[in-house]
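Residue strings, one per chain:
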Amino acid sequence: QKEVEQNSGPLSVPEGAIASLNCTYSDRGSQSFFWYRQYSGKSPELIMFIYSNGDKEDGRFTAQLNKASQYVSLLIRDSQPSDSATYLCAAMYSSASKIIFGSGTRLSIRP
Amino acid sequence: DAGVTQSPTHLIKTRGQQVTLRCSPKSGHDTVSWYQQALGQGPQFIFQYYEEEERQRGNFPDRFSGHQFPNYSSELNVNALLLGDSALYLCASSLEGSYGYTFGSGTRLTVV
């Protein structure tokens, strides 16, 4: 049973539009959530971290967390071709526990 | 400030052989986690080392073993390699009590 679920995509979004990526998790005890970006053949890179309900903004990126619905999302505003990558959603139960990853959503930004 | 360093970057092994992968954590980090990432999949947790002890383990057979040294660096050993062990092996380091990992560039293992 997967603990973090993502739509594998590909999600195709026109340049300049908002890309919306979604993720659900099964462990209600999960406390912290992460979005990693992974370019093909490269290692994951942390882009957002959220642990409180609501929105967290960082530049063009906004992470949203709804613990009641066990739902995490990532919005990318003004999408650029360089945003084309796989986005991995991840959850952590506590700071001393492992991070569990979803299978990733492939995002393609078309010019 | 050096990030997470993994070696080697690429490796080709024959089925049945043994392999050792190495990881040096980011400066100031004391915890090392290892992940296996098959093509098109998310990283799968193998195990985590803290204070030279295996603290947590994922759903991997005993053929996968590891070690952490006093300087926090770590090794991942895989015995009796199978074709299905071909994957990108990622090392991630963190500081105990903090959130989020920093990943190394990975070791691409191909078993033939």
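In the block above lies the structure referred to throughout.
First, a word on scope: everything that follows refers to the structure included in this document. (Residues numbered from 1 in each chain as written. Chains lettered and ligands numbered in written order. Predicted model: local features only at pLDDT ≥ 70, side-chain atom pairs only at ≥ 80, totals over all residues. Heavy atoms only, no water.)

## Quick word on the overall build of chain B
Thinking step 1. Along chain B, the regular secondary structure elements total 0 helices and 11 strands.
Thinking step 2. At 13 Å, chain B has a C-alpha radius of gyration in line with the 13 Å of a compact globule built from 112 residues.
Thinking step 3. Taking the principal axes of the C-alpha coordinates as reference, chain B spans close to 40 × 25 × 25 Å.
Thinking step 4. The contacts of chain B with a sequence gap of at least 6 include a subset with a gap of at least 24, amounting to 53%. (Helix = DSSP H or I, 4+ residues; strand = E, 2+ residues; numbered from the N terminus. Rg over C-alpha atoms; globule rule 2.2 N^0.38 Å. Contact = heavy atoms within 4.5 Å.)

## Regarding the layout of surface pockets
Thinking step 1. Roughly 420 Å³ of volume is contained in the largest pocket.
Thinking step 2. Residue lining of the largest pocket: 22 residues in total, with A:Q38, A:S40, A:T86, B:Q37 and B:G40 positioned closest to the centre.
Thinking step 3. Breaking the lining of the largest pocket down by element, the ones donating at least two residues are β9 (85-92) and β11 (105-110) of chain A.
Thinking step 4. In the lining of the largest pocket, the residues fall into 6 nonpolar, 13 polar and 3 charged. (1 Å grid on protein atoms, 1.4 Å probe; cavity = no way out; pocket = protein on both sides within 12 Å on 5 of 7 lines; lining within 4 Å. Points joined across faces, edges and corners; volume = space filled by probe spheres on them. Nonpolar A, V, L, I, M, F, W, Y, C, P; charged D, E, K, R; others polar.)

## A few points about the packing of aromatic side chains
Thinking step 1. Following the criterion strictly, the structure yields 13 aromatic pairs over all chains and no others.
Thinking step 2. Seen in terms of ring centroids, A:F49 and A:Y51 are 5.6 Å apart; in terms of plane orientation they differ by 40 degrees. Their pairing is tilted.
Thinking step 3. Each member of the aromatic cluster is reached from another via a ring pair, and the members are A:F34, A:Y36, A:F49, A:Y51, A:F101, B:Y35, B:F45, B:Y101 and B:F103.
Thinking step 4. The side chain of A:R60 reaches across the aromatic face of A:F61, ending 5.5 Å from its centre. (Phe/Tyr/Trp six-rings, centres within 6.5 Å; stacked < 30°, edge-to-face > 60°. Lys NZ or Arg CZ within 6 Å of the ring centre and 35° of its normal.)

## Focus on unusual backbone geometry
Negative phi values dominate among residues other than glycine, just as trans dominates among peptide bonds.
Thinking step 1. For the bond from A:G9 to A:P10, the omega torsion is 10 degrees, close enough to zero to count as cis.
Thinking step 2. In this fold, A:P10 is placed in the loop between β1 (4-6) and β2 (11-14).
Thinking step 3. Backbone torsion omega between B:S7 and B:P8 reads -10 degrees, so that peptide bond is classified as cis.
Thinking step 4. Position of B:P8 relative to the elements: it lies in the loop between β1 (5-7) and β2 (10-13).
Thinking step 5. With phi around 55 degrees, A:Q70 is a residue other than glycine that occupies positive phi space.
Thinking step 6. Of note, A:Q70 is situated in the loop between β7 (61-66) and β8 (71-76).
Thinking step 7. Phi at A:D78 takes a positive value of approximately 50 degrees, unusual for a residue other than glycine.
Thinking step 8. As for its position among the elements, A:D78 is in the loop between β8 and β9.
Thinking step 9. Residue A:D78 is classed as partly exposed on the basis of its relative accessible area, which comes to 41%. (Buried < 20%, exposed > 50% of the residue type's maximum accessible area, 1.4 Å probe, protein only.)

## Topic: the state of the cysteines
All names here are of chain A.
Thinking step 1. A complete count under the given rule lists 2 disulfides over all chains for this structure.
Thinking step 2. Note that C23 is cross-linked by a disulfide to C89, the S-S spacing being 2.1 Å. Here the disulfide of C23 and C89 is left-handed, its torsion about the S-S bond being about -70 degrees. One end of the pair, C23, is in strand β3 (residues 19-25); the other, C89, is in strand β9, and 66 residues separate them in sequence. (Disulfide = S-S within 2.5 Å.)

## Some thoughts on the interface of chain A and chain B
Thinking step 1. With 20 residues of chain A at the interface, the matching set in chain B holds 21 residues.
Thinking step 2. Roughly 1,600 Å² of surface becomes buried between chain A and chain B when both sides are summed, with 56% attributable to carbon and sulfur atoms.
Thinking step 3. Where chain A meets chain B, there are 6 residue pairs in polar contact (both at pLDDT 80 or more).
Thinking step 4. Within the residue set of the side of chain A that touches chain B, elements represented by two or more residues are β4 (32-38), β9 and β10 (99-101) of chain A. (Buried area = accessible area lost by both parts, 1.4 Å probe. Polar contact = N/O pair within 3.5 Å; in protein donor to acceptor, adjacent residues only side chain to side chain.)

## Let's talk about the pairing of strand β9 (residues 87-94) of chain B
Residue and element names in this part refer to chain B.
Thinking step 1. Burial analysis of β9 places 8 of its 8 residues in the buried class, which makes it a mostly covered element.
Thinking step 2. The side-chain alternation of β9 yields two buried faces, one formed by A87, Y89, C91 and S93 and the other by L88, L90, A92 and S94.
Thinking step 3. Summarising the sheet, strand β4 (residues 31-37) and β9 pair through 7 bridges and their orientation is antiparallel. The residue of β9 that forms the bridge with Y35 is L90. (Pairing = 2+ DSSP bridges.)

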